[in-house]
Structure formats: C-alpha cells, structure tokens
Amino acid sequence: MKEFELKYGCNPNQKPAKIFMADGSELPIEILSGRPGYINFLDALNSWQLVKELSEATGLVAAASFKHVSPTSAAVGKILPEKLKKACFVSDIEGLDDSPVACAYARARGTDRMSSFGDWVALSDICDETTAKIINREVSDGIIAPSYTDKALEILRAKRNGSYNVVKIDKQYKPSQIERKQVFGVTFEQKRNDLVIDENLFKNIVTINKNIPDSAVTDMIVALITLKYTQSNSVCYAYDGQAIGVGAGQQSRIHCTRLAGQKADLWHLRQHDKVIGLKFAKNVTRAEKNNIIDIYLSDDAEEVLGENVWQNYFAVKPEKFTQQEKRAYLDKISGVTLGSDAFFPFGDNIERARKSGVSFVIQPGGSVRDDNVIEICDKYNMVMVMTGIRLFHH
C-alpha cells in the first residue's frame, strides 16, 4: 500500500486527506481492522517511536497510551504490585503476571485513566491475548504493534462492532534522516531527532548526592524518552518503570511541573487503602468509576459524598479522605524521578517536585539560574543530572 485515503484531516471540514510516502515507496504499515483517521495516525506513528526506543534502551517490552499526539503514560513490562493492579482495574485479569506486554499496557493505561479515555495504544512487541482482553474492555480508538497473535487479533477485530482500528507496523522500518512538514504553505526541513537516550547521558551529576540506583536509571530513561514524544513544554514524573505524571504542552515550565505533579500524586493516592476499598454502586461503569475517584480525591469531594448524593455512586458511604491524610500519605513517598525537556529556569520547580516524592532530577541544564536549581536539590539531598540535551517536540 503506497497511500491511504483518510475520511478527513484534523477536522471534518479538512478534505481531502491522505497519508503516503513522498518517495513513492510502500507505507510501513498494514491496516488489519477499522479505518484510522488523521489524528489516529499521528498518535500511532509517534507512540510507536516511543515504545520502540524505550524497549531498545531498557531491554524490556514497552507500551504507551496516547491522546492528541502526547503520551498519557509509557511503561516497561514489570509485574504490577497488588495494590497497583486494583488501582488500574486489572486485578481480575488472568495470566497478567505471565505477560510482560500486558503488564506494560496495564501500567500505561492505569496511570491517568481520565486522560487515557479513548486512547491510542502502542506496543513494542507482539500483542497477545491477555493484552487484547485488557484493551477490549476499555474505551480506546486503536492500536499499533509489530504483530498480533491470532487470538488477540480475533478479539480486537470484534471490538467496537468490528470498527476498532488495528495497525501493524514493520518493525524493521527506518525513516529518512531528513523530515519535512508544511505550515501555511511553507516547508520546514530538519534532521529527524534520532538521539539515542540511555545511561551514557547521565554522567554529569551536578549535586552533592551522586548515588543513582539502577531503578532510577530506568526511570530516567522512561522519563526522557516519554518527553521526546510529548508536546512541549513538558515534564514527566517516573517511578517503578513507568511515567506516573506527564505535563504536556504548557507555555510555562512551572505549570508543567505542577500539572504533572498533580497527576503523579493522584497515581499514588489511587493506591491508598481508602480508594482501593471504595464500594461502588452496582450501576456505576468503569469509566464513571474513574471520574468518581477523581472527584473523591479532589477538593470537591462533597459532590460525590454529600448526604443526598452518595447513594448514586457508592453502595456504602465512604469515609472522607482529608487533606491532612492525603498530605501525610504523600509525604512518605520518595524515589520518584522528574525529567524535563528543557532547563528548569527557577528552583520553584524543584520545591514543587519535592512534594510529590522526587529524589532524582534529570534535565538539560543551561539556565542562568542553574546554581539556584542545584542549591535547592542539595537542600533536599536530591540527585540531579544535567544532560546538555534539549528534547523539544512540536
């Protein structure tokens, strides 16, 4: 297939639309089900690069959940602790521990379930039956992977009355070194960002504390490769082999740090016993549970806990989760990694990151206030690496 006609472009009024290879060669993809759209393919091709590079850098299978050309999360295939399984709504999935790719997607999808609603899935390796079963019960637009087992393909092809988008990509495909795009009739050309992200970038440790355990090395790789395919400005909190909070597309760095920090905090709080133990009303759907939990953990908790409304959401009225309790729980967390696609201009980013359990920071450096940022890291005995590499993505 040398070109594929799309229903429309970014919006229904943008017709005609298609994808094709400029040199007339075959597209590196095969559409196995559905009819992916313009934004679907933007998600598919960006997310595929992320999981491919993450897998190559860590030696582990990888998965990502994408929405509007940015990842809600990315993860490697590590077995989930029991509380995380419950928080990600996958504790009932048989054979989960035996499928690294299913574990990777369960982590990625479960990180920020509100944002992942209607996501695009990317897998670095073959999609198996267990992974397909997880995808099948979620609201999702499509998937890209290098291959599928027969059973997985059968499940996915039946999803959404047969219209679910399933794309197979040639794992050996390598794009041209030069990439182009047009804006307002003007063609932009640049060398594609083929920077290899691995621990060789982590040698310039600028803080007093220089101890980086292997787990943090993995998290730094996860954070940076996630950022490489996230709309800038962006920051990423990572922990235990996955992105737990992504702040994308903000004009202010501190707003990225706050947004991603809030998401990371919610990821941790969803694993608290009070949240794990919520007893939902029988008619509450999976998607509704996400929203209810989000409100329960917010300052607007009375919207679901009020005396005349809680029965709509819960079989048993939950105890309030007070701000003091939440803060005490979060204050015990440590070992989180914070990555940034460009330098931190002020130390306030580090102050905010500390509230979300950050112990390790990785960023390009290069600010006139680098000394202040380093000073704040040293104040909290954090480790900070300056890579000298910016990762803007637009």
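A brief look at the structure comes next. (Residues numbered from 1 in each chain as written. Predicted model: local features only at pLDDT ≥ 70, side-chain atom pairs only at ≥ 80, totals over all residues. Heavy atoms only, no water.)

Looking now at the packing of helix α7 (residues 253-269) against helix α11 (residues 323-331). At a minimum axis separation of 10 Å, α7 and α11 run at an interaxial angle of 95°. In terms of orientation, α7 and α11 fall into the roughly perpendicular class. Across the interface between the two elements, D265, H268 and L269 of α7 pack against K326, Y329 and L330 of α11. Of the residues contributing to the contact of α7 with α11, the split by class is three nonpolar, one polar and two charged. (Axes fitted to C-alpha atoms, helices over the stretch in contact; angles between N-to-C directions. Helix = DSSP H or I, 4+ residues; strand = E, 2+ residues; numbered from the N terminus. Parallel < 35°, antiparallel > 145°, perpendicular 65-115°, else oblique. Contact = heavy atoms within 4.5 Å. Nonpolar A, V, L, I, M, F, W, Y, C, P; charged D, E, K, R; others polar.)

Turning next to the nonpolar core. The tendency in soluble globular proteins is for nonpolar side chains to be buried as a group. Judged by nonpolar contacts, the single largest core of 71 residues is most densely connected at L123, I143, Y148, L156 and Y237. A per-element tally of this core places helix α3 (residues 100-111) first, with six residues. Counting residues in each nonpolar core, the second largest holds 47 residues, with V51, I221, A223 and V383 among its members. (Core = buried A, V, L, I, M, F, W, Y, C linked by side-chain atoms within 4.5 Å. Buried < 20%, exposed > 50% of the residue type's maximum accessible area, 1.4 Å probe, protein only.)

In this section: the layout of surface pockets. The gaps of empty space that remain are located by a probe, the size of a water molecule, rolled over the atoms. By volume, the second largest pocket is sized at about 550 Å³. The set of elements that each furnish at least two residues to the lining of the second largest pocket consists of α3, α7, α9 (286-296) and α11. The element that contributes the greatest number of residues to the lining of the second largest pocket is α7, accounting for seven residues. In terms of residue class, the lining of the second largest pocket is made up of eight nonpolar, seven polar and ten charged. (1 Å grid on protein atoms, 1.4 Å probe; cavity = no way out; pocket = protein on both sides within 12 Å on 5 of 7 lines; lining within 4 Å. Points joined across faces, edges and corners; volume = space filled by probe spheres on them.)

A few words on the pairing of strand β4 (residues 62-67). With five of six residues buried, β4 lies mostly within the body of the structure. Where β4 folds back on strand β5 (residues 70-76), the antiparallel hairpin that results is connected by two residues, among which H68 adopts a positive phi of roughly 50°. Across four bridges, β4 lies against strand β6 (residues 119-123) in antiparallel orientation. The residue of β6 that forms the bridge with S65 is V121. (Pairing = 2+ DSSP bridges.)

Where α3 contacts helix α4 (residues 129-136), the two axes come as close as 7 Å, and the packing angle between them is 25°. Taken as axis vectors, α3 and α4 run roughly parallel relative to one another. Here α3 and α4 pass one another in a crossing that is right-handed. Contacts between α3 and α4 involve V101, A102, Y105 and A106 from the former and T130, T131, I134 and I135 from the latter. When grouped by side-chain class, the residues that make up the contact of α3 with α4 number six nonpolar, two polar and no charged. (Left-handed = near helix turned anticlockwise from the far one by under 90°.)

Within a regular strand, the side chains alternate between the two sheet faces. Judged by how many residues are buried, strand β7 (residues 140-145) sits mostly within the fold: five of six residues are covered. As defined by bridge partners, β6 adjoins β7 across four bridges and the pair is classed as parallel. Looking at β7, one finds that V121 is bridged to I143. In the classification by handedness, the crossover that spans β6, the intervening α4 and the parallel β7 is right-handed. In the sheet, β7 pairs with strand β8 (residues 165-169) via four bridges, with the strands oriented parallel. The residue of β8 that forms the bridge with A145 is K168. (Right-handed = clockwise from strand over helix to strand, strands pointing away.)

Any functional reading would require information beyond the geometric quantities listed.
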